[in-house]
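Fold and geometry: a report
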There are 2 protein chains.
Amino acid sequence: MTTKTTEAAETALPAEAARTAGATETAHAVEHTRTRAHGDDLTHDHAYVHGYSPAEARRLGDQADTLAELLHAGTAYPAGSRVLEAGCGVGAQTVHLLASSPGAELTAADISADSLGEARARVAAQAPDARVIWHHGDLHELPFADGSFDHLFVCFVLEHLADPSAALTALRRVLRPGGTITVIEGDHGSTLFHPDSAAARATVDHLVRLQADAGGDALLGRRLHPLLADAGFRDVAVRPLTVSVDGSRPALVEGFTRRTFVAMVESVRADALAAGLTTAAAFDHGIADLRRTAEEGGTFHYTFFKAVAVNP
Amino acid sequence: MTTKTTEAAETALPAEAARTAGATETAHAVEHTRTRAHGDDLTHDHAYVHGYSPAEARRLGDQADTLAELLHAGTAYPAGSRVLEAGCGVGAQTVHLLASSPGAELTAADISADSLGEARARVAAQAPDARVIWHHGDLHELPFADGSFDHLFVCFVLEHLADPSAALTALRRVLRPGGTITVIEGDHGSTLFHPDSAAARATVDHLVRLQADAGGDALLGRRLHPLLADAGFRDVAVRPLTVSVDGSRPALVEGFTRRTFVAMVESVRADALAAGLTTAAAFDHGIADLRRTAEEGGTFHYTFFKAVAVNP
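Right, let's walk through the structure included here. Note that the structure is predicted; figures quoted are calculated from it, not measured. All residue numbers refer to positions counted from 1 along the written sequence of the respective chain. By the order in which they are written, chains take letters starting at A while ligands take numbers starting at 1. With the structure being a predicted model, the display of local features is reserved for residues of pLDDT at least 70 and the display and counting of side-chain atom pairs for 80 or more, all residues being used for whole-chain, interface and lining totals. Neither water nor hydrogens contribute to the side-chain values; these are computed over all heavy atoms in the structure.

Quick notes on the overall build of chain A
Along chain A, the regular secondary structure elements total 10 helices and nine strands. Burial status across chain A gives 58% buried among its 312 residues. The criterion used for residue contact is that any of the two residues' heavy atoms lie within 4.5 Å. Excluding contacts between residues fewer than 6 apart, the proportion of contacts in chain A whose partners are at least 24 apart in sequence is 83%. Elements are defined by DSSP. Helices are runs of H or I of four residues or more, strands are runs of E of two residues or more, and each kind is numbered from the N terminus. For the exposure calls, accessible area comes from a 1.4 Å probe over protein chains only, and a residue counts as buried if that area is under 20% of its type's maximum, exposed if over 50%, partly exposed in between.

Written as structure tokens, this is what we have:
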């Protein structure tokens, strides 16, 4: 939940097939003219706390497979509507948007050229007939005319930005009056598990701290309403979407608790040690306790927030 | 959410009318024969962390009015079915059960004679035609024959008990094979708010600590699944129910954030000071910060857990 990417659960393709199809390009993808003079400076967004490793890409896929139904329910755009996915990352939300809104004119933008390449490959593998306009650039400085889009979709992006208010204001400029923005973010403060463990909670706190040090906010979900209202949006409606995992849901135990959440926390081990936040023994103790919540009798709960608002 | 009681939002009666109708007895109420020899010892359940003051009764009413739709959705019992509400408190869930399941044969049990009196008055005021069998007794030692009930309803009770597993096992005895149990509990660890505040979080932690000192568990919601499974129930299904409050929901700002949650935390001020958990200044700072979340731009979120399970 701390990423901009996802993988299609709606398609017949298993996640692994999509992952290994990385070299394929979709014949229908249209590369948007790069308008930033310093585009190559954007290739790596160093503020992305989870890094760009293959393991992270796999984690994002696991997360997306598991969460697609929960997060994308209710999001479908009419045929012909102009939709911008701002911060598409490796394109995993993109394939869900295409599946839910096959007739929409989708533009997908990201600051990382590498991620965009992965996104194109993912769409080519999972939605080969889809047509997407790809844009490499900073969402704070989009080259599109005012009101160019009918709908904006922003998922797991704001939490990584130093100034999410400025980003929302910039995005609102390219949304037509009466158009909608949909924003989905997590909030690590919502993490609940049984058996409870101070050591496990500490590892989550380290991740929150590292993301804050990188300029982000892993607790952003709770403040989507004021963020959108302050950026000038109206009719802001925020819904909590809680993933609740226990022994009755083995797919979530594996797909969410283990392969999404624990893997996410575990991925910052080296950074947490380098930053002096913890010791190896304490961190590993916390991870072991987090893993315990995925065993017999354990439970795990996490809340995402999904906001829809209108540009007046 | 740390109580066994509620007030009818479905009825036309405003909450205040129900509260002031405390002296009325319903002509249709049937007092169950008291079978415990030491029944009077039950009059006060000292483990109930919030106490039995008029202010607490009002808080419970505010909570119930606000939450009835969320918590009671999907709970309706067939006409003629035998339903036991275990831990009915002052009867506020009782009036909701009666409204949703008008044909059921409802028995309402509580350990506090005073609360039962309030419950009878509440039902008389809000559902004068309803017939309820009232039972004063300990839910661990119910005098009913094995399998006496088709359905059990338990709301905001387990969190106050020293041994919720033992209580569930005792309750399962009076549920017929194939009958269902519905359990609703909160979890203070789910509390999220904006602006975030360490002082405010500390006041919530004090409440959790005081409830633990009283033998309860304010973090119980997260472990409903293993509790029910370990007590021998099957097909345990737990759903999170999140109350999400922001400026777009003024009724929740008042009814939930201010009059339910903040009032609940504030009610333990004297106990927290007496226990040496905090200073008056620090506690009041935390309460002020909690109140801030109900002002312009603030948000507040809390998750309840509702479980339904079957007696095999």
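Topic: the side chain of His301 of chain A
Note on placement: His301 of chain A falls in strand 9 (residues 299–310). On the basis of relative accessible area, His301 of chain A is assigned to the buried category, the value being 4%. Within the local environment of His301 of chain A, its side chain forms a polar contact with the side chain of Ser244 of chain A, the two groups lying 2.7 Å apart. Throughout this description, a polar contact denotes any pair of N or O atoms lying within 3.5 Å of each other; where both atoms belong to protein, one of them has to be capable of donating a hydrogen while the other can accept it, and for residues adjacent in sequence the pair is counted only when both atoms sit in side chains. There is a polar contact of 3.1 Å between the side chain of His301 of chain A and the side chain of Thr299 of chain A. Not counting the four nearest positions on each side in its chain, His301 of chain A is found in contact with Ser190, Thr191, Leu192, Val243, Ser244 and Val245 of chain A together with Arg222 and Phe305 of chain B.

Some details on the relation of the copies chain B and chain A
Least squares is used to superpose the copies, and the fit set is the C-alpha atoms of residues whose pLDDT is at least 70 in both copies. When chain B is brought onto chain A, the operation consists of a screw motion whose angular component is 180° and whose axial shift is 0.0 Å, with 0.0 Å RMSD remaining. Such a combination of turn and shift is consistent with a two-fold rotation axis. Distance from the rotation axis, computed per C-alpha, reaches its smallest value in chain B at Ser190 of chain B: 2.9 Å. The fraction of interface residues of chain B whose copies in chain A are also interface residues reaches 100%, indicating that both copies meet through the same surface.

Some points on the packing of aromatic side chains
Residues and elements named next belong to chain A. Any two of the Phe, Tyr and Trp rings considered here, Trp counted by its six-membered ring, make a pair once their centres fall within 6.5 Å; the pair's planes then place it as stacked at under 30 degrees, edge-to-face at over 60, or tilted in between. If you walk through the whole model with that rule in mind, you get 18 aromatic pairs over all chains. Summarising the aromatic geometry, the rings of Phe144 and Phe149 are spaced 5.1 Å apart at their centres and angled 90° between planes, so their arrangement reads as edge-to-face. Assessed through its relative accessible area of 5%, Phe149 is described here as buried. An aromatic cluster of at least three residues, connected via ring pairs, comprises Phe156, Phe193, Phe256, Phe261, Phe300, Tyr302 and Phe304. The lysine or arginine in question, Arg172, covers the ring of Phe233, its NZ or CZ lying 6.0 Å from the ring centre. Put simply, a charge is over a ring when the Lys NZ or the Arg CZ is close to the ring centre, within 6 Å, and near the line of the ring normal, within 35 degrees.

Focus: the interface of chain B and chain A
Contact with chain B, which involves 26 residues of that partner, is made by 26 residues of chain A. Overall, the association of chain B and chain A removes approximately 2000 Å² of surface from exposure, summing both partners, and the carbon and sulfur fraction of that is 61%. For salt bridges, the criterion is a side-chain nitrogen of Lys or Arg within 4 Å of an Asp or Glu carboxyl oxygen. For the pair chain B and chain A, the interface holds two salt bridges. For Asp196 of chain A, the salt bridge is made with Arg222 of chain B, and the minimal N-O distance between the two is 3.6 Å. On the surface where chain B and chain A come into contact, there are nine residue pairs in polar contact (both at pLDDT 80 or more). Elements with a minimum of two residues in the side of chain B that touches chain A: strand 7 (192–194), helix 7 (224–230), strand 8 (234–245) and strand 9 (299–310) of chain B. With five residues, strand 8 of chain B is the largest single contributor of residues to the side of chain B that touches chain A. Looking at side-chain class alone, the side of chain B that touches chain A contains eight nonpolar, 12 polar and six charged residues. A 1.4 Å probe defines the accessible area here, and the buried area is the portion of it lost by two parts on being joined, summed over both. Throughout, the ten residues Ala, Val, Leu, Ile, Met, Phe, Trp, Tyr, Cys and Pro are labelled nonpolar, Asp, Glu, Lys and Arg are labelled charged, and all others, Gly among them, are labelled polar.

As for the pattern of salt bridges
Per the stated rule, a full pass over the model turns up 26 salt bridges over all chains. Close ionic contact of Asp246 of chain A with Arg249 of chain A constitutes a salt bridge, the shortest N to O distance being 3.4 Å. Taken together, the shared-partner salt bridges connect Asp187 and Arg222 of chain A together with Asp196 and Arg201 of chain B into one network.

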